[in-house]
Amino acid sequence: MRIPNAGAPPDDAALVRRATELSRFARRLLAAEPGLLPPASMRAAFVADEMRALLDAADAADETTLKRALRDLRKRVMLRAIVRDLGGLAALDEVLMTVTALAEIAISTAVEHLERWLAAEYGEPTGEDSGLAQKLHVVGMGKLGGRELNVSSDIDLVFIYPEEGETRGARPLSNHEFFIRLARRLIALLNEMTADGYVFRVDMRLRPLGSDGPLACSFSMLENYFVTQGREWERYAWIKGRVVCGDRAQELIDLVRPFVFRRHLDYSAFDSLRDLQREVRREVERRDILDNIKLGPGGIREIEFIVQLFQLIRGGRDAALRELPTLTVLPLLAARNLLPAAAVQDLTAAYIYLRNLEHRLQYLEDKQTQSLPANADDQALIAAAMGCADYATLRAELDRHRGNVTREFESIFATAQDDVHPLAGLWHPGDEAVQFNTLRELGYRAPQQTLARIAALRNSARVRQMPQASHTRMEQLVPLVIETAAKLPSPDATLERMLMLLESISRREAYLALLLQYPQTLERGAQLANASPWAADYLARHPILLDELLDTRTLYAVPDWTQLKSALRNQLAEAAGDNERQMDVLRHFKHAQTMHLLAQDIAGALPLETLSDHLSDLADLILSEVLRITWQGLRSRHCEHPRFAIIAYGKLGGKELGYASDLDLIFLYQDAAPEAPENYARLAQRLNNWLTSLTAAGLLYETDLRLRPDGVGGLLVSSLAGFAEYQRKQAWVWEHQALTRARCVAGDREIGDRFAEIRSEVLRQRRDLVQLRAEVVAMRDKMLAAHPNTSGRFDIKHDRGGLIDVEFIVQYLVLGHSHRHAELTGNIGNLALLKLAARLGLIGEAEALAAHDAYRRFRQLQHALRLQGDRYARVETALLAPEIATVRKLWEIVLLAPG
């Protein structure tokens with residue numbers, strides 16, 4: 001964005017004239033040293049290479065000449081930046097990057113010279129543990145760290161060195177003393193006012209222990225400080241921390257990151273930043289600087305607070321949000337639906353406007369000021385510099401931008417009303433008769449039990465041991481939960497489930513803060529709890545999923561598996577080298593997508609078949625990523641890409657997966673390398689471990705590997721050739737039945753294609769129908785005996801006339817008739833196969849349609865019962881009498897009729 005001015009400057013003289021009219025600082029510089037701005041130089045930005053070349057040419061031999069060279073460079077850079085900015089040739093980003101580059105080059109050049117000069121006197125500092133040479137690491141904080149330094153800014157620095165030890169020289173010093181001396185001389189080089197001016201004012205107050213702390217500290221001291229004494233405001237400050245120079249920068253970044261960014265979603269940041277902003281506002285009012293465009297209402301600081309709030313909350317899980325420049329992060333907030341696009345547009349426009357205005361205020365006298373001028377002459381200069389006809393026009397523009405910022409800031413940081421909630425008394429012991437009547441009037445059907453449940457939560461060990469801040473939040477939340485549950489069809493059950501959720505998160509202050517900050521999340525959670533105890537339990541076991549309920553645009557969006565796979569890969573790459581963290585990333589991803597589907601399912605937006613497809617696609621994606629990661633982590637791997645495939649049977653194979661379904665898997669390989677069998681066996685074990693291990697984030701899937709050749713007695717991994725041979729000559733009929741619902745879900749595509757050919761060949765074998773019927777019926781009898789039902793209710797899955805009967809009918813038709821009808825081998829699902837069998841004349845059309853509808857009804861009812869938390873999918877037989885009769889009739893026609 002360029003600031004409009006009174007027409008494009010026609011030549012260099014006009015550019016310089018405009019700059020000297022609007023900046024007394026520029027006018028003084030040019031009057032004293034005209035050579036600072038060579039002819040035509042202002043037509044190009046002052047880039048880092050040009051800065052380094054000037055310093056190299058100075059060839060500073062001591063601190064005096066280095067001071068002069070740095071100050072001369074600063075004057076040249078600042079003068080050109082002013083001319084280009086006020087002349088409309090430089091956008092804001094150029095000015096910020098130019099001043100930031102000046103600071104970086106000044107610091108790194110000064111450190112390089114000082115280290116060499118001090119080492120000549122005392123010897124080179126050496127680590128006592130590593131024996132390696134030690135370098136000073138300068139961390140730029142604030143605007144310098146964010147690469148958005150303004151034209152007359154202090155630079156906030158922290159000095160750190162890797163290890164303790166001492167120098168190797170004739171006059172040895174401890175590393176600590178060496179770097180303290182270096183730090184003092186560096187500050188003097190940059191900060192000291194000489195006849196040539198200064199380079200940057202240096203502020204060291206952000207170092208550990210502030211003004212009371214040593215000027216430099218070791219990595220280990222910094223880490224210990226963060227763990228034992230680091231305060232919330234320091235997390236905020238270190239968001240912008242960036243290593244400007246030093247040879248072990250990544251090690252330092254890795255040390256700082258856990259202090260700043262939590263691995264969970266950190267909604268407690270709301271209160272921390274609210275408190276910090278209250279302090280800022282009190283200071284603004286005390287000093288009567290409401291016209292300060294940085295600290296005042298609607299100023300630069302409030303935009304930064306908004307951005308850094310979302311960075312603190314989500315930066316631990318979303319690496320992109322750790323970007324440093326404010327203008328880089330703002331569009332990410334819109335892209336992630338964290339802020340409306342219109343709000344981000346307003347904040348971005350305001351930030352650019354305010355930063356440009358800030359620069360014009362500082363151009364006047366090269367002073368670090370963000371306050372609007374009081375005298376009319378300066379007001380006119382600032383208005384002209386901003387391209388405004390007069391100061392009143394500037395104030396109108398400024399007030400509009402500040403109003404937009406204030407509106408967004410207040411909407412994000414608004415706190416709940418101080419008024420006590422009318423139901424607050426229900427959280428505390430009181431007159432039980434009054435409380436009973438209050439609950440009864442709200443629509444609760446069992447007030448006495450509800451009061452007892454509230455008291456149980458209040459008196460639970462978890463709640464009693466909460467810190468005071470969490471107690472306060474719980475006192476605010478419980479009345480809201482009571483009120484929200486009362487509006488739903490089953491208030492008693494909903495409240496019971498929501499209180500369980502509150503108890504499960506009682507030690508997680510961030511989640512309590514989330515529910516208070518975003519009441520819509522509480523409402524959506526209650527709606528899920530009202531509809532399904534299984535959903536409520538899932539949310540209580542994985543409270544991180546509360547975050548998924550924030551935005552209905554993403555919650556109810558159709559999954560884009562390509563995009564989701566890319567996002568998952570980025571998260572896994574960010575956690576590379578940390579197996580436990582990668583396992584958690586996979587689990588969080590699976591739980592999040594499951595919650596999206598669950599919300600859509602309960603809202604009635606997903607037919608069961610579509611839900612099963614999505615759950616199956618999710619499992620396929622996760623299996624693919626787990627295979628990729630576990631192979632990469634296998635030290636003994638003998639090739640880049642494994643000649644290995646994962647085959648799914650059962651629910652996943654048939655794409656009928658449910659929320660809690662386990663995965664029936666086998667593993668195949670086709671690789672002539674001598675080490676292949678051992679490597680792929682290790683891979684399979686490792687892969688299964690990644691799927692089934694219980695971590696803090698839960699587990700991915702339960703697996704069943706018993707369908708492999710020879711079952712539990714067989715090898716965990718089979719060669720493709722061995723699998724084909726087994727299926728042709730040794731497999732039982734029930735194994736061929738299972739093969740009807742098998743498909744390759746991850747791994748080598750060629751192996752997957754070859755598996756599909758083997759599957760088709762085996763399924764199309766000509767079979768004796770009488771013998772086939774006998775074996776299918778015998779296996780069905782065996783399964784029935786293994787699942788006795790003495791409840792007096794109909795078991796939808798296992799009883800005669802239920803789901804398994806339909807599946808066995810379809811499997812018999814596939815095995816018995818695929819030799820004549822190849823299309824029966826398609827893995828198209830039981831519903832489609834019933835219709836296909838009717839079209840082929842294998843069963844009657846009426847019977848096929850009736851069984852089709854019965855099977856769908858069974859699955860829908862089974863799914864509904866699972867959502868209600870029922871262990872067994874059992875109902876009164878009369879409820880499904882027509883469907884049961886339909887299936888039993890088809891069973892008799894297909895499997896019991898003679899011929």
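Since this is a predicted model, take the numbers as computed values, not measurements.

Participant: Tell me about the overall build of the chain, and name the residues and values.
Facilitator: If you tally the helices and strands in the chain, you get 38 helices and 14 strands. Counting only C-alpha atoms, the chain reaches 115 × 80 × 60 Å along its principal axes. A separation threshold of at least 6 residues defines the contact pool for the chain, and within that pool the share at least 24 residues apart is 74%. Total accessible area computed for the chain in this model is approximately 38100 Å², and 51% of it derives from carbon and sulfur atoms. Counting 111 positive and 120 negative side-chain charges, the chain places the averaged centre of each group 2 Å from the other.

Participant: Break down the environment of glycine 844 for me, with residues and values.
Facilitator: Turning to its location among the elements, glycine 844 is positioned in the loop between helix 36 (830-839) and helix 37 (845-867). With relative accessibility at 31%, the residue glycine 844 sits in the partly exposed group. Residues glycine 844 and leucine 834, spaced 10 residues apart in sequence, show a C-alpha to C-alpha distance of 9.9 Å.

Participant: Provide a residue-level description of the layout of surface pockets, including the pertinent values.
Facilitator: Within this model, the second largest pocket holds a volume of roughly 1800 Å³. Forming the walls of the second largest pocket are 46 residues, and the residues nearest its centre are Lys651, Asp662, Asp664, Met783 and Lys797. Of all the elements in the fold, those that place two or more residues in the lining of the second largest pocket are helix 28 (608-632), helix 29 (650-653), helix 32 (733-739), helix 34 (769-786), helix 35 (803-817) and helix 37. Partitioning the lining of the second largest pocket into residue classes produces 20 nonpolar, 11 polar and 15 charged.

Participant: If you had to explain the nonpolar core to someone new, which residues and values would you point to?
Facilitator: Counting 163 residues, the largest nonpolar core has Trp238, Leu333, Leu357, Leu502, Phe644, Ile646 and Leu665 as its most contacted members. Broken down by element, the residue count for this core peaks at 12 residues, all from helix 28. If near-sequence neighbours (up to four positions away) are discounted, isoleucine 646 is found in contact with Leu623, Leu627, Leu665, Ile666, Phe667, Leu687, Arg743, Cys744, Val745 and Ala746. Ranked by size, the runner-up nonpolar core spans 68 residues in total, among them Ala26, Leu73, Leu190 and Ala216.

Participant: Tell me what's going on with the environment of threonine 825, and back it up with residues and numbers.
Facilitator: Position of threonine 825 among the secondary structure elements: in the loop between helix 35 and helix 36. Between the C-alpha atoms of threonine 825 and alanine 53, which are 772 residues apart in sequence, the distance is 73 Å. What threonine 825 contacts, discounting residues up to four positions off in sequence, is Arg759, Ser760, Leu763, Arg764 and Ser818.

Participant: Which residues make up the packing of helix 4 (residues 63-86) against helix 7 (residues 175-191), and what values go with them?
Facilitator: Two numbers describe how helix 4 lies on helix 7: the axes approach to 9 Å, and their chain directions differ by 45°. With respect to helix 7, the element helix 4 is oriented oblique. Contact residues: Glu63, Leu66, Lys67 and Arg71 in helix 4; Arg185, Ala188, Leu189, Leu190 and Asn191 in helix 7. Of the residues belonging to the contact of helix 4 with helix 7, the class tally is 4 nonpolar, 1 polar and 4 charged.

Participant: How would you sum up the pairing of strand 2 (residues 137-141)? Please name residues and give values.
Facilitator: The element strand 2 is largely enclosed, with a buried count of 5 among its 5 residues. Residues His137, Val139 and Met141 line one face of strand 2 and the alternating positions Val138 and Gly140 line the opposite face, and both faces are buried. Alignment of strand 2 against strand 3 (residues 155-161), held across 5 bridges, turns out to be antiparallel. The residue bridging histidine 137 from the neighbouring strand is isoleucine 160, located in strand 3. With 3 bridges connecting them, strand 2 and strand 7 (residues 242-245) associate as antiparallel partners. Residue glycine 140 lies in a different strand from strand 7, and its bridge partner there is arginine 242.

Participant: Lay out helix 17 (residues 432-442) in plain terms, naming residues and giving numbers.
Facilitator: Capping the start of helix 17 is the job of one residue whose side-chain oxygen sits 3.0 Å from the backbone nitrogen of alanine 433: aspartate 431. Positive backbone phi, approximately 110°, marks glycine 443, located one or two places after helix 17.

Participant: Outline the side chain of histidine 863, listing residues and values.
Facilitator: Among the secondary structure elements, histidine 863 is positioned in helix 37. Within polar-contact distance, the side chain of histidine 863 engages the side chain of aspartate 601 at 2.6 Å. Once you skip the residues sitting within four places of it in the chain, histidine 863 turns out to touch Asp601, Leu608, Leu611 and Tyr659.

About the thresholds
Residues numbered from 1 in each chain as written. Predicted model: local features only at pLDDT ≥ 70, side-chain atom pairs only at ≥ 80, totals over all residues. Heavy atoms only, no water. Helix = DSSP H or I, 4+ residues; strand = E, 2+ residues; numbered from the N terminus. Contact = heavy atoms within 4.5 Å. Areas by Shrake-Rupley, 256 points an atom, 1.4 Å probe, with all protein chains shown as cover. Lys, Arg positive; Asp, Glu negative; His and termini not counted. Charge placed at Lys NZ, Arg CZ, Asp CG, Glu CD. Buried < 20%, exposed > 50% of the residue type's maximum accessible area, 1.4 Å probe, protein only. 1 Å grid on protein atoms, 1.4 Å probe; cavity = no way out; pocket = protein on both sides within 12 Å on 5 of 7 lines; lining within 4 Å. Points joined across faces, edges and corners; volume = space filled by probe spheres on them. Nonpolar A, V, L, I, M, F, W, Y, C, P; charged D, E, K, R; others polar. Core = buried A, V, L, I, M, F, W, Y, C linked by side-chain atoms within 4.5 Å. Axes fitted to C-alpha atoms, helices over the stretch in contact; angles between N-to-C directions. Parallel < 35°, antiparallel > 145°, perpendicular 65-115°, else oblique. Pairing = 2+ DSSP bridges. Polar contact = N/O pair within 3.5 Å; in protein donor to acceptor, adjacent residues only side chain to side chain.

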